[in-house]
Amino acid sequence: MVLRPGGVSRPVRHRTVEEVWYFLGGRGEVWIGGKTTDVTEGSTVVIPTGAPFQFRTLGDEPLRLLCVTSPPWPGDDEAEFVTEQAWQAPSP
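Fair warning: this is a prediction, and the values are worked out from it, not measured in the lab. (Residues numbered from 1 in each chain as written. Predicted model: local features only at pLDDT ≥ 70, side-chain atom pairs only at ≥ 80, totals over all residues. Heavy atoms only, no water.)

Colleague: Help me understand unusual backbone geometry in this model?
Modeller: For residues other than glycine, phi is negative in most cases, and the peptide bonds are mostly trans. With omega at -5°, the peptide bond leading from serine 70 into proline 71 counts as cis. Its location among the elements puts proline 71 in the loop between strand 8 (63-70) and strand 9 (79-81). (Helix = DSSP H or I, 4+ residues; strand = E, 2+ residues; numbered from the N terminus.)

In structure tokens form, the structure reads like this:
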């Protein structure tokens, strides 16, 4: 995944999958279930099934990361939007 400089994701939770993210470049923050973690190249985060999460880019470079889901991504209905959020997300 790539999030542009200044980008903020919409807050979601996953119904059945867990995700592991490994950051390839850029700088940002990830909010998972009420806790915020700073991330940079080489950081890893685990997003548990059902936990609300959101992420954003800090600085002038895109935030780049690899994402692995377990079990495999089941389809378009997996992610559900949540109202709880750390940062103001863009409108859909």
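Colleague: Even after reading the chapter, I still don't get the environment of glutamine 88, so can you show me in this structure?
Modeller: Considering the arrangement of structural elements, one finds glutamine 88 in the segment after strand 9. Linking glutamine 88 and valine 8, residues 80 residues apart in sequence, is a C-alpha distance of 7.6 Å.

Colleague: So what exactly am I meant to see when it comes to the pattern of salt bridges here?
Modeller: Tallied over the full model, the rule gives 3 salt bridges. For glutamate 29, the salt bridge is made with arginine 56, and the minimal N-O distance between the two is 2.6 Å. Placement of the pair is glutamate 29 in strand 4 (residues 27-32) and arginine 56 in strand 7 (residues 53-58), with a sequence separation of 27 residues. Assessed through its relative accessible area of 24%, arginine 56 is described here as partly exposed. Each of Arg13, Arg15 and Glu80 takes part in salt bridges that share partners, so that together they form one network. (Salt bridge = Lys/Arg side-chain N within 4 Å of Asp/Glu carboxyl O. Buried < 20%, exposed > 50% of the residue type's maximum accessible area, 1.4 Å probe, protein only.)

Colleague: Before we go on, may I ask you to explain a nonpolar patch on the surface in this structure?
Modeller: Together, Val20, Val46 and Val68 give the surface a local cluster of nonpolar side chains, amounting to about 220 Å² of exposed area. As for its position among the elements, valine 68 is in strand 8. Residue classification places valine 68 among the exposed positions, given a relative accessible area of 54%. (Patch = residues over 30% accessible without salt bridge, like charges linked within 9 Å, V, L, I, M, F, W, Y side chains within 5 Å. Areas by Shrake-Rupley, 256 points an atom, 1.4 Å probe, with all protein chains shown as cover.)

Colleague: Can you walk me through the nonpolar core in this structure?
Modeller: One broad trend across soluble globular proteins is that nonpolar side chains are buried collectively. Counting residues in hydrophobic clusters, the biggest one holds 14 residues, and the most contacted among them are Trp21, Phe23, Val30, Ile32, Phe55 and Leu63. Looking at this core, the elements with two or more residues in it are strand 3 (18-25), strand 4, strand 6 (44-47), strand 7 and strand 8. With residues up to four places along the chain from it excluded, the contact list for tryptophan 21 reads Met1, Val30, Ser43, Thr44, Val45, Ile47, Phe53, Phe55, Leu65, Leu66 and Cys67. (Core = buried A, V, L, I, M, F, W, Y, C linked by side-chain atoms within 4.5 Å. Contact = heavy atoms within 4.5 Å.)

Colleague: What's the story with the sheet that holds strand 3 in this structure? I'm lost.
Modeller: Strand pairs in the sheet, formed through backbone hydrogen bonds, run parallel or antiparallel to each other. Taken in spatial order, the 4 strands make up an open sheet running 1-8-3-6, and their pairing is antiparallel. Only two strands of the sheet have a single neighbouring strand rather than two, namely strand 1 (2-3) and strand 6. Where strand 1 lies against strand 8, 2 bridges are found, and the strand directions are antiparallel. Bridged to valine 2 within strand 8 is arginine 64. (Pairing = 2+ DSSP bridges.)

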